[in-house]
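# Fold and contact review
Below are the chains, spelled out letter by letter.
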Amino acid sequence: MKPLRIALTKGRLEKDTIEALEKIGLDCSAVRAKGRKLILPVGNGEIEVVLSKAADVITYVENGVCDLGVVGKDTIMENGSHFFEILNLGFGRCNFALAGKKGVDFYEGFGTKTIASKYPNVARKYFESRGMDIRVIKIEGSVELAPLLGLSDGIVDIVETGTTLKENGLEVKEYISEISARLIANSASLKLRKKEIEDLAEKLEKVL
């Protein structure tokens, strides 16, 4: 049978996932010595790891070229969900938050608020849930610059320690939701390879 293929988000989530796979007894030496390779065997070849960017993990799983994926809840919330979220892996913890200039009441005034974010869909959904109409500007780089330059009233972004906000005269106004890494599965794979996927998820859940 072909290996169970798992797409991993490169970087910190990749490192944490590899540690978890090693805890359940799988040999991940090929991934640890990957060089520039992007598709690597794990264990005795029963699993194959694909290293990619976060949003691409979802694309590969949705289109069935990977059976499983490990991706942050932030990416799931922003990019839709034509797949099954089967396990909260618990690592990569942080929060989505609304932040703005320190000492300024974000909600005062009557005009339409402008929000800058790398996550426009998350921002829109959050304010829709509060019955607020907002203007969203997508920023790819340091989103903290937007309120400092007068481009936006606030930002919706991922906050871990809040240090970057503080150093730039910003503060968290509200926490929107907690985020951590999730194991996701392609819907067809979940039917065709149910036992393999469930066994792997069960083992991971025990060690995490």
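Below: a short report on this structure. (Residues numbered from 1 in each chain as written. Predicted model: local features only at pLDDT ≥ 70, side-chain atom pairs only at ≥ 80, totals over all residues. Heavy atoms only, no water.)

## What to know about the pairing of strand β7 (residues 113-117)
Among the five residues of β7, five are classified as buried, and the element is accordingly described as predominantly covered. Residues K113, I115 and S117 of β7 are buried on one face, and the alternating residues T114 and A116, pointing to the opposite face, are buried as well. With five bridges connecting them, β7 and strand β8 (residues 134-138) associate as parallel partners. Looking at β8, one finds that A116 is bridged to I137. The parallel pair β7 and β8 is bridged by helix α5 (residues 120-129), and the resulting crossover is right-handed. Sheet analysis places β7 next to strand β9 (residues 154-159), joined by three bridges and oriented parallel. Residue pairing in the sheet places S117 in a bridge with V156 of β9. (Buried < 20%, exposed > 50% of the residue type's maximum accessible area, 1.4 Å probe, protein only. Helix = DSSP H or I, 4+ residues; strand = E, 2+ residues; numbered from the N terminus. Pairing = 2+ DSSP bridges. Right-handed = clockwise from strand over helix to strand, strands pointing away.)

## Here we look at empty space enclosed by the protein
Taking a probe equal in size to a water molecule and rolling it over the atoms shows the remaining empty space. For the coordinates displayed, the defined rule picks out one cavity of 30 Å³ or more. Considered as a void within the structure, the largest cavity measures approximately 50 Å³ in volume. In this structure, the largest cavity is lined by I6, T17, A20, L21, V70, L89, F91, L183, L200 and L204. When residues of the lining of the largest cavity are traced back to their parent elements, those giving at least two are α1 (12-23) and α9 (194-207). In terms of residues, the lining of the largest cavity owes the most to one element, α1, which gives three residues. In terms of residue class, the lining of the largest cavity is built from nine nonpolar, one polar and no charged. (1 Å grid on protein atoms, 1.4 Å probe; cavity = no way out; pocket = protein on both sides within 12 Å on 5 of 7 lines; lining within 4 Å. Points joined across faces, edges and corners; volume = space filled by probe spheres on them. Nonpolar A, V, L, I, M, F, W, Y, C, P; charged D, E, K, R; others polar.)

## Quick look at the environment of L21
Here L21 lies in helix α1. Setting aside residues up to four positions removed in sequence, L21 forms contacts with L26, C28, L200 and L204. (Contact = heavy atoms within 4.5 Å.)

## Overview of helix α3 (residues 54-62)
Along α3, the residues classified as buried are V57, I58 and V61. With its buried residues spanning 95° around the axis, α3 presents them on a single face. Buried residues along α3 sit against β1 (4-9), β3 (47-52), β4 (68-72), α4 (73-79) and β11 (181-185). Of the residues one or two after α3, G64 is the one with positive phi, at around 80°. (Arc of directions from axis to C-beta.)

## Here's the deal with the sheet that holds β8
Backbone hydrogen bonds are what pair the strands of a sheet, in a parallel or an antiparallel way. If you trace the five strands from one edge of the open sheet to the other, you get β8-β7-β9-β6-β10, paired in mixed fashion. Looking at the sheet topology across the chains shown, the edges are occupied by β8 and β10 (170-179). Averaged over all neighbouring strand pairs, the angle between strand axes comes to 25°, with direction disregarded. Alignment of strand β6 (residues 94-101) against β9, held across five bridges, turns out to be antiparallel. Counted as the bridge partner of N95 is V159 from β9. Sitting on the sheet, α5 is in contact with β6, β7, β8, β9 and β10, with an inclination near 170° to β8. (Axes fitted to C-alpha atoms, helices over the stretch in contact; angles between N-to-C directions.)

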